[in-house]
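# Observations on the model geometry
Listed below are the residues making up each chain.
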Amino acid sequence: MDPKKRFDIKQGLKVNIVLKADQRSGKLTSGVVKDILTNSPSHPHGIKVRLTSGEVGRVQEIL
């Protein structure tokens, strides 16, 4: 499964995302996908999602 392809991201999946504030450090945040925010079929930096915790970031890994 590719975190850069929207087709592979589904609501309820456990993922690691990088928050906007953590992009320089690369620190990952774990959570469950609530909403998919990217409309295009793919994105070179990862699909943007909102977690159930309310945090927004780009998917780096699908767990």
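In the block above lies the structure referred to throughout.
Residues numbered from 1 in each chain as written. Predicted model: local features only at pLDDT ≥ 70, side-chain atom pairs only at ≥ 80, totals over all residues. Heavy atoms only, no water.

### So, the environment of F7
- With respect to the helices, strands and loops of the structure, F7 is situated in the segment before β1 (14–19).
- It is 8.2 Å that separates the C-alpha atoms of F7 and S42, two residues lying 35 residues apart in sequence. (Helix = DSSP H or I, 4+ residues; strand = E, 2+ residues; numbered from the N terminus.)

### So, the pattern of salt bridges
- Enumeration according to the criterion identifies three salt bridges in this entry.
- Ionic pairing is found between K27 and D22, a salt bridge with its closest N-O pair at 4.0 Å.
- R50 is the salt-bridge partner of D35, the closest N and O atoms lying 2.9 Å from each other. Note that D35 is positioned in strand β2 (residues 28–36) and R50 in strand β3 (residues 48–51), a separation of 15 residues in sequence. (Salt bridge = Lys/Arg side-chain N within 4 Å of Asp/Glu carboxyl O.)

### What to know about the side chain of T29
- Checked against the element boundaries, T29 lands in strand β2.
- Aside from chain neighbours lying at most four places away, what touches T29 is V15, N16, I17, L19, D22 and E55. (Contact = heavy atoms within 4.5 Å.)

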